[in-house]
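Geometric and topological summary
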Amino acid sequence: MAAGRVEIGFSGGQVVAVRLSDDKVKDLRKSLDKADGWFDLETEDGEVALDLREVVFVRGAPGEHRIGFTG
């Protein structure tokens, strides 16, 4: 399944951008319903440990940002 860019925001104002498959996004959302302790999230770039009690938003980015010209 294709990976998409997702931003995870925390109560202190920090934002982490990761690339996740649709299945991983669904797993994260299910875990946020409980918001109980830590969650290990497998991303395209490696594992990220999240304190679910501190997450305030999850935002899917529409596409990759590109710099320069395309042909």
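Scroll up to find the structure.
Treat the numbers as computed from the prediction; the structure is a model and nothing was measured. (Residues numbered from 1 in each chain as written. Predicted model: local features only at pLDDT ≥ 70, side-chain atom pairs only at ≥ 80, totals over all residues. Heavy atoms only, no water.)

**As for the sheet that holds strand 2 (residues 15–21)**
- Read across the sheet, three strands follow the order 2-1-5 without closing on themselves; strand pairing throughout is antiparallel. Only two strands of the sheet have a single partner each, and these edge strands are strand 2 and strand 5 (55–60). In this sheet, adjacent strand axes meet at a mean angle of 25 degrees when their direction is disregarded.
- Both strand 1 (residues 3–10) and strand 2 contribute to a ladder of seven bridges, which runs antiparallel. Pairing of I8 across the sheet is with V16, part of strand 2.
- Lying on the sheet, helix 1 (residues 22–34) is in contact with strand 1, strand 2 and strand 5; it crosses strand 2 at an angle near 125 degrees. (Pairing = 2+ DSSP bridges. Helix = DSSP H or I, 4+ residues; strand = E, 2+ residues; numbered from the N terminus. Axes fitted to C-alpha atoms, helices over the stretch in contact; angles between N-to-C directions. Contact = heavy atoms within 4.5 Å.)

**A short note on the pattern of salt bridges**
- Summed over the entire model, instances satisfying the criterion amount to three salt bridges.
- Between E7 and R59 there is a salt bridge whose closest N-O contact spans 2.7 Å. On the criterion of sequence distance, the pair formed by E7 in strand 1 and R59 in strand 5 is long-range, its members being 52 residues apart.
- For E7, a relative accessible area of 14% corresponds to the buried category.
- Residue R59 is classed as partly exposed on the basis of its relative accessible area of 43%.
- Across the salt bridge formed by R53 and D51, the nearest N and O atoms sit 3.0 Å from each other.
- Since its relative accessible area comes to 52%, R53 is described here as exposed.
- The class of D51 is buried, set by a relative accessible area of 16%. (Salt bridge = Lys/Arg side-chain N within 4 Å of Asp/Glu carboxyl O. Buried < 20%, exposed > 50% of the residue type's maximum accessible area, 1.4 Å probe, protein only.)

**Observations regarding the nonpolar core**
- The biggest cluster of nonpolar side chains holds 12 residues, and these are V6, I8, F10, V18, L20, V25, L28, F39, L41, L50, L52 and V55.
- Secondary-structure elements contributing two or more residues to this core are strand 1, strand 2, helix 1 and strand 3 (38–43).
- Broken down by element, the residue count for this core peaks at three residues, all from strand 1. (Core = buried A, V, L, I, M, F, W, Y, C linked by side-chain atoms within 4.5 Å.)

**Overview of the side chain of S31**
- Along the polypeptide, S31 turns up in helix 1.
- The class of S31 is buried, set by a relative accessible area of 15%.
- Contacts of S31, omitting those with residues within four sequence positions, involve F39 and L52.

These values are about where atoms sit, not about what they do.
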